[in-house]
Structure formats: structure tokens, C-alpha cells
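Here's the letter readout for the chains.
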Amino acid sequence: MINPRQVAAGVVGGVDWQSEVSGYCRCPGESLHTHKTGKKDCRVCVDGVPTIFCFHSSCAPAVADANKRLRRELGTPWTLTLPGGKVLRAGDVLQASGAILLREVVLARAKAEGRHPGEQLVLETLVAMAGRFKPELFEKFHWPFAHILEDSPLLVADRDPDDQFRTWLRLWPAHCHVWIGDIYSTGRPEHATHFRPLADWYQIGPAMGNYTCGSAFKPGTYSRSNANCDGTRFLVVESDSLKKDEIGAVFAYLNNRLRYNLHAIIDTAGKSLHGWFDAPPNKVMEDRLKAALTVFGCDPKLFTYSQPVRVPGAWRDGKLQRIVWLKN
Ligand SMILES: [Zn+2]
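Let me begin by describing the structure that accompanies this report.

### Some remarks on the coordination of the zinc ion
Line of reasoning, step 1. Taken together, C27 (SG), H33 (NE2), C54 (SG) and C59 (SG) make up the protein donors of the zinc ion, found 2.0 to 2.3 Å from the metal.
Line of reasoning, step 2. Here the donor residues for the zinc ion map to a single chain with the spacing C-x5-H-x20-C-x4-C. Comparing C54 with C59, the two get one shared label, buried.

### Details of the environment of I323
Line of reasoning, step 1. Residue position: I323 is located in strand 19 (residues 322-326).
Line of reasoning, step 2. Taking the C-alpha atoms as reference, I323 lies 10 Å from H263; in sequence the two are 60 residues apart.
Line of reasoning, step 3. Dropping the residues within four chain positions of it, I323 is found in contact with V156, A157, Q164, T167, W168, A264, I265, I266 and P312.

### Brief notes about the packing of helix 1 (residues 4-12) against helix 2 (residues 60-73)
Line of reasoning, step 1. Two numbers describe how helix 1 lies on helix 2: the axes approach to 10 Å, and their chain directions differ by 155°. Looking at the two axes, helix 1 sits roughly antiparallel to helix 2. Relative to helix 2, the crossing made by helix 1 is right-handed. Residues V7, A8, G10 and V11 of helix 1 touch helix 2, and the partners they reach there are A66, R69, L70 and E73.
Line of reasoning, step 2. Counted by class, the contact of helix 1 with helix 2 contains 5 nonpolar, 1 polar and 2 charged residues.

### Some thoughts on the pairing of strand 4 (residues 51-54)
Line of reasoning, step 1. Alternating residues of strand 4 divide into T51 and F53 and I52 and C54, and every residue in both groups is buried.
Line of reasoning, step 2. Where strand 3 (residues 42-45) meets strand 4, 4 bridges bridge the pair, whose relative direction is antiparallel. Residue V44 lies in a different strand from strand 4, and its bridge partner there is I52.

Parameters at a glance
Residues numbered from 1 in each chain as written. Predicted model: local features only at pLDDT ≥ 70, side-chain atom pairs only at ≥ 80, totals over all residues. Heavy atoms only, no water. Donors = N, O, S within 2.8 Å, 3.2 Å for Na, K, Ca; no water. Buried < 20%, exposed > 50% of the residue type's maximum accessible area, 1.4 Å probe, protein only. Helix = DSSP H or I, 4+ residues; strand = E, 2+ residues; numbered from the N terminus. Contact = heavy atoms within 4.5 Å. Axes fitted to C-alpha atoms, helices over the stretch in contact; angles between N-to-C directions. Parallel < 35°, antiparallel > 145°, perpendicular 65-115°, else oblique. Left-handed = near helix turned anticlockwise from the far one by under 90°. Nonpolar A, V, L, I, M, F, W, Y, C, P; charged D, E, K, R; others polar. Pairing = 2+ DSSP bridges.

Structure representation (C-alpha cells):
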């Protein structure tokens, strides 16, 4: 019977094991890194879908090749006895709690969700891995509020409310109809006035409420529901638990490592910041992102595309909801 830890070490060289199944290793594409390499930038995990993961993106082809090799060599059945005597088998996932997620449970979840079993295992692995590298992510991509303000490609934070609002309108393609209102400005025919083409909003200004949506709506809509979204949308990343000095790490990770395009960061005039990103290109990517972002402390509601979010240019208890970082 093969020892998965030895096999992993055979592929990546020495592993500084942090748990029975996961540890830091040298990135197989380290020579391709365009930024300084840290000791904790690359990890290997042998449970679930065995995976080498690196925080750099320039090494992706070399990491992909090494992952193929790792998965091929761990493709035959193996077991690993954990301290305490529990036995982990190939395809099981070791969870943060120490419990083993059995591969049979992964299969049952795939069936219940109508998902391919392979994709279900990817998702379960992703959740476990995201939990493991979360501390390094917040360290490596640390982007406190003061730096976000300083780093903005366009000077925007001090613009007046009308300018803030119009700047935000320009994020949208010209043909879009967007909703602006308060939480309950939806659901009845009289609410149609809150759903308007961009050109109308340029005239009206940020006067009809404190909220908008990351999604555009079909013309003629009066109800803010997923079914009425027209497909043009942003992914608005938010968190109830991460502070303004913390969530920047998630924004930076999405923008710099995962290559989701960051358009703007909005200060909600409360405790949080919202990052406006391109939406995931398909359902598979969306589910993967949702799994990881939830582990990082983001609000899974953000994947409900008709979810209301704060609109820049409106006042909240005497403070301005405003854009603090804007892509050039
Ligand atoms: Zn790398």
C-alpha cells in the first residue's frame, strides 16, 4: 500500500507537514514567480482531490503539471492512519474539526445536489483547503483600509455625492436598467419608478434610496427578484464579520490571484466595504467561489443576485456611502 505523504514528497520535494494531510512545500513553478516567494506560499494536500496550491499565479502551468502527476500517482487506493486510529482513505476529506468526510457522503451530496461526483469532491476539497490556507491568505494579501484609499488608481473618495453616484453609474453598460430604492421599494406596480435606464438615473441623481443591486433588470420590471434580472451583473463581495482592515485581503486575493476583475470598492458608511467584481463566468466557477468565500468569512447571500447593496452617493446617518477605490 502506498503512503500518500511519501508520494506527495516525491512530487514536490520536502513537505513541512502542518497536519496529517497538508503542509507547505516548494512551489513546482517557483522559478516563474514574478513576486517575492514566501515560505508559506505553496501547499500540498493529499486528501479529497490531491492538490498543490500556490498563492502566485505566474507559476500556474508548472503547478498544473505537478497536480496532474500528484493525482496520477495517488490515483490507486491508499489509506492513512491518523493519530487516534481513524483511517482516512483516498477520496475522503479531513475536515477542520478533525472529522473525516467519507467519500460515500460526498457521493450522496453530489446526488442530492444534482452535481457530478467529481465536482462535488472538488468543492469539498476546496472548503477544507480554503480553511487551511486562510491564515496565510489574510497575511499575504493584507490590504488595510488606509492602503485601499492610497492605492486607488483614480482619485475618487473625496468626490461630491452627485459625482460619486455618476461615477458608479459608469460601471454599467449603457443599455442597462438598474434598481435604486430602499429595501422595500419592490414588489408592486408603483415600484416600477425605482427600475430605470441609466440615462434616467443620470438626471435624477442618488435621490431615490440608499440601495441598489449588483444585477441589472429587464425593462418593465417592478419586482427585485432573481427571475427579473437581465443577466448583466457584478459579484458584490461583502462580509458581516470581516472588518474594513480585513476584507481587503479577500478583494486582493480575488483580483490579483484569481483574476476576477475588481471594478470598485464601496465604503457603505457603516462597518463594511463592498467589492464590485466581474461575476463568475459559469455556475461551476460560481459554486467554487461561493464555497471558498464563505470559508473566508464572506456573506453567502452575495450570490443571490437580486440582493440589495449600498449605492454610492447616498447619505447614511450623516455619512456618505462612497467609492473609495476605482479601477482606471
Ligand atoms: Zn507558485
